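Observations on the model geometry
Below, each chain spelled out in residue letters.
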Amino acid sequence: MKKKKKKEASHFLEMFDKYKSLLYELTRKNIKLKYRDSWLGIFWSFLQPLLTMAVLSVVFGNIFGAEREYIVCYPVYLFSGRLLFEFFTSSSKMALNSFRSNAAIIKKVYVPKYMYPLSGILSNFVTFSISILCYICVWIFFKLTGMSDGGELTLTPYVLLFFIPMAILLMFVVGVGLILSILQVYFRDIQYIWDVFCTLLFYMVPAIYHINSIKSDWTRAIIQINPLYSMIELFRQCVLYGEPMQWQMLLYALAWALGVLLIGIFIFNKKSDDLVFHL
């Protein structure tokens, strides 16, 4: 049994190494298609989150931004939550549709099928990483101007750990994306269900509000169970608050990410060979 697993793992690594250039090209193609016929092109990776932050800050700033006890600089707080949540939703939706959008190629050319959802997720991770540069500019702007209590923003060595919650979120998204990509082939309605679910999920993740503003204990407990809450909060702890990440929350988020990733790989390996007959 162990020899079989080692053989499968070795075969997977060999195939990944063989097709890694294709993964790069598919990722680049997805980025180009996303901004095709756009005058601003990839600059939208800067502009879109910035405009979203500005609009939501105006709409919700007087409601949730007044909670100075919990929130440091509401626009930056909002930006950090919205940025990570947007990466989750856009990547999962792209992975979900990856087989449908590439059905013609899949039927004609053999390529490891995980390349399609993975390339979609990685292309979004590239634009997400570019948006982080926008986040840095926004952080510096509010820190220097002191607007919206931006003077209270603190830069500490813990900010260097920002990549940890990003990596955990990436693992989680890959697992979710693999599961959704398979489900979409067999159940066409998953796309619409997932759209509704993501809309509801946005209000169940403290992206625009602080969890302490929720008075109901059971509602707060439900929100804390959500792994996205932990991943967003870990990012805020090291980048926004300049504090060390809580190890309990870190382990919880990591366990969810690894668990969902393993489940996604298991389901994908079981069903990926049959999906060509259902496209």
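Not measured: the values here are computed from a predicted model.

The helix and strand inventory of the protein stands at 12 helices and 0 strands. The linear arrangement of helices and strands in the protein, starting from the amino end, is α-α-α-α-α-α-α-α-α-α-α-α. Here the protein holds 279 residues, and 48% of them are scored as buried.

Turning our eyes to something else, we now look at the nonpolar core. Ranked by internal contacts, the top residues of the largest apolar core, which has 81 residues, are Val 76, Tyr 135 and Leu 228. Broken down by element, this core gets its largest block of residues, 13 residues, from helix 8 (residues 163–186). Beyond its immediate sequence surroundings of up to four residues, Val 76 is in contact with Tyr 135, Val 138, Trp 139, Phe 142, Leu 153 and Leu 240.

This brings us to the pattern of salt bridges. Opposite charge on two side chains permits them to pair, given that their charged atoms come into close proximity. Under the counting rule described, the total for this entry stands at 5 salt bridges. Here Arg 28 ties to Glu 25 by a salt bridge, and the two come within 2.9 Å at their closest N and O atoms. Of this pair, Arg 28 and Glu 25 both sit in helix 2 (residues 20–34), 3 residues apart, roughly one helical turn.

Structurally, Ser 230 can be placed in helix 11 (residues 227–239). Classification of Ser 230 by relative accessible area gives buried; the value is 3%. Aside from chain neighbours lying at most four places away, what touches Ser 230 is Gln 224, Met 249, Tyr 252 and Ala 253.

Taken N-terminus to C-terminus, the directions of helix 4 (residues 74–96) and helix 9 (residues 190–203) make an angle of 175°; their axes are 11 Å apart at the nearest point. Compared by their axis directions, helix 4 and helix 9 come out roughly antiparallel. Here helix 4 contributes Arg 82, Phe 85, Phe 88, Thr 89, Ser 92, Lys 93 and Leu 96 to the contact with helix 9, which in turn contributes Ile 190, Gln 191, Trp 194, Asp 195, Cys 198, Leu 201 and Phe 202. Among the residues making up the contact of helix 4 with helix 9, the classes are represented as 8 nonpolar, 3 polar and 3 charged.

Calculation criteria
Numbering of residues starts from 1 in each chain and follows the order in which that chain's sequence is written. Per-residue local features of the predicted model are confined to residues with pLDDT of at least 70, and side-chain atom pairs are confined, for both listing and counting, to 80 or more; whole-chain, interface and lining totals are unaffected and use all residues. The basis for every side-chain value is the complete set of heavy atoms in the structure, and neither hydrogens nor water enter the calculation. Under the DSSP-based scheme used, a helix requires at least four consecutive residues in state H or I and a strand at least two consecutive residues in state E, with every element numbered from the N terminus. Using a 1.4 Å probe on the protein chains alone, a residue whose accessible area is under 20% of its type maximum counts as buried, one over 50% counts as exposed, and one in between counts as partly exposed. Remark: nonpolar core denotes a set of buried residues (Ala, Val, Leu, Ile, Met, Phe, Trp, Tyr, Cys) joined through side-chain atoms within 4.5 Å. Pairs of residues are marked as contacts when any of their non-hydrogen atoms sit within 4.5 Å. In what follows, salt bridge is the name for a side-chain nitrogen of Lys or Arg lying within 4 Å of a carboxyl oxygen of Asp or Glu. Interaxial angles span 0 to 180 degrees and are taken between N-to-C directions of axes, which are lines fitted to C-alpha atoms, for helices over the stretch in contact. Angular relationships are summarised with four words: roughly parallel below 35 degrees, roughly antiparallel beyond 145, roughly perpendicular across 65 to 115, and oblique for the angles in between. Throughout, the ten residues Ala, Val, Leu, Ile, Met, Phe, Trp, Tyr, Cys and Pro are labelled nonpolar, Asp, Glu, Lys and Arg are labelled charged, and all others, Gly among them, are labelled polar.

Interpretation note: all reported values are geometric properties and have no functional meaning in isolation.
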